[in-house]
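One letter stands for each residue in the lines below.
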Amino acid sequence: INAEYMGRPGGSILTLTYLGGERVVDGYNLMGVAKAALESCVKYLASDLGPGDIRVNAISAGPIKTLAASAIGDFSSMCALNAYMSPLLRNTDADEVAKSALYLLSNLSSGVTGENLHVDCGYHIVGTPKKATLEKWLVKSTEK
């Protein structure tokens, strides 16, 4: 990609990724490897395209109910666990991801490149759930 081909200097490239590219997510398997490669490409492209004032970033969204997500086995349990464990105690929605994309594609983020922005209600920062959260989750899952 060359800025000359874009008709004007500068620009922004954005991709979507998922936490499974950074950490092991049960059932994500080969897609995790693919997302890890994608996230590495974001960094290398940011470095290569930066001199042309082209920024390259990624958004790592939490689970969102979409048609594609329906193909993931036990997706509803994944969403429930994410909501219980995330610091905001809920799942993100498509509108939040869209607003973050607008930020990364606009001049508001003119100094941002090579980043992987997590839009997952903070789920990616959690190492282990709080005891009360885990107990609540266990009780709810045994009720099914």
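Everything below is about the structure printed above this text.
The structure displayed is predicted, hence computed values, not measured ones. (Residues numbered from 1 in each chain as written. Predicted model: local features only at pLDDT ≥ 70, side-chain atom pairs only at ≥ 80, totals over all residues. Heavy atoms only, no water.)

Quick look at the pairing of strand E1 (residues 11-17) now. Where E1 and strand E2 (residues 54-61) come together, seven bridges link them in parallel fashion. Considered in E2, the bridge of Gly11 is made with Ile54. In the classification by handedness, the crossover that spans E1, the intervening helix H1 (residues 30-49) and the parallel E2 is right-handed. (Pairing = 2+ DSSP bridges. Helix = DSSP H or I, 4+ residues; strand = E, 2+ residues; numbered from the N terminus. Right-handed = clockwise from strand over helix to strand, strands pointing away.)

Moving on to the environment of Tyr103. Mapped onto the secondary structure, Tyr103 falls in helix H3 (residues 94-105). Judged by relative accessible area, which is 34%, Tyr103 ranks as partly exposed. Here the alpha-carbon distance between Tyr103 and Lys131, two residues 28 residues apart in the chain, equals 35 Å. Discounting residues that sit within four places of it in the chain, Tyr103 has contacts with Leu108, Ser109 and Val112. (Buried < 20%, exposed > 50% of the residue type's maximum accessible area, 1.4 Å probe, protein only. Contact = heavy atoms within 4.5 Å.)

What follows deals with the pattern of salt bridges. Pairing is possible between side chains that carry opposite charge, provided their charged atoms lie close to one another. As enumerated under the stated definition, the model contains two salt bridges in all. The residue Asp95 makes a salt bridge to Lys99 at a minimum N-O spacing of 3.5 Å. Of the two residues, Asp95 and Lys99 are both situated in helix H3; the distance of four residues between them amounts to about one turn of the helix. With a relative accessible area of 47%, Asp95 lands in the partly exposed category. (Salt bridge = Lys/Arg side-chain N within 4 Å of Asp/Glu carboxyl O.)

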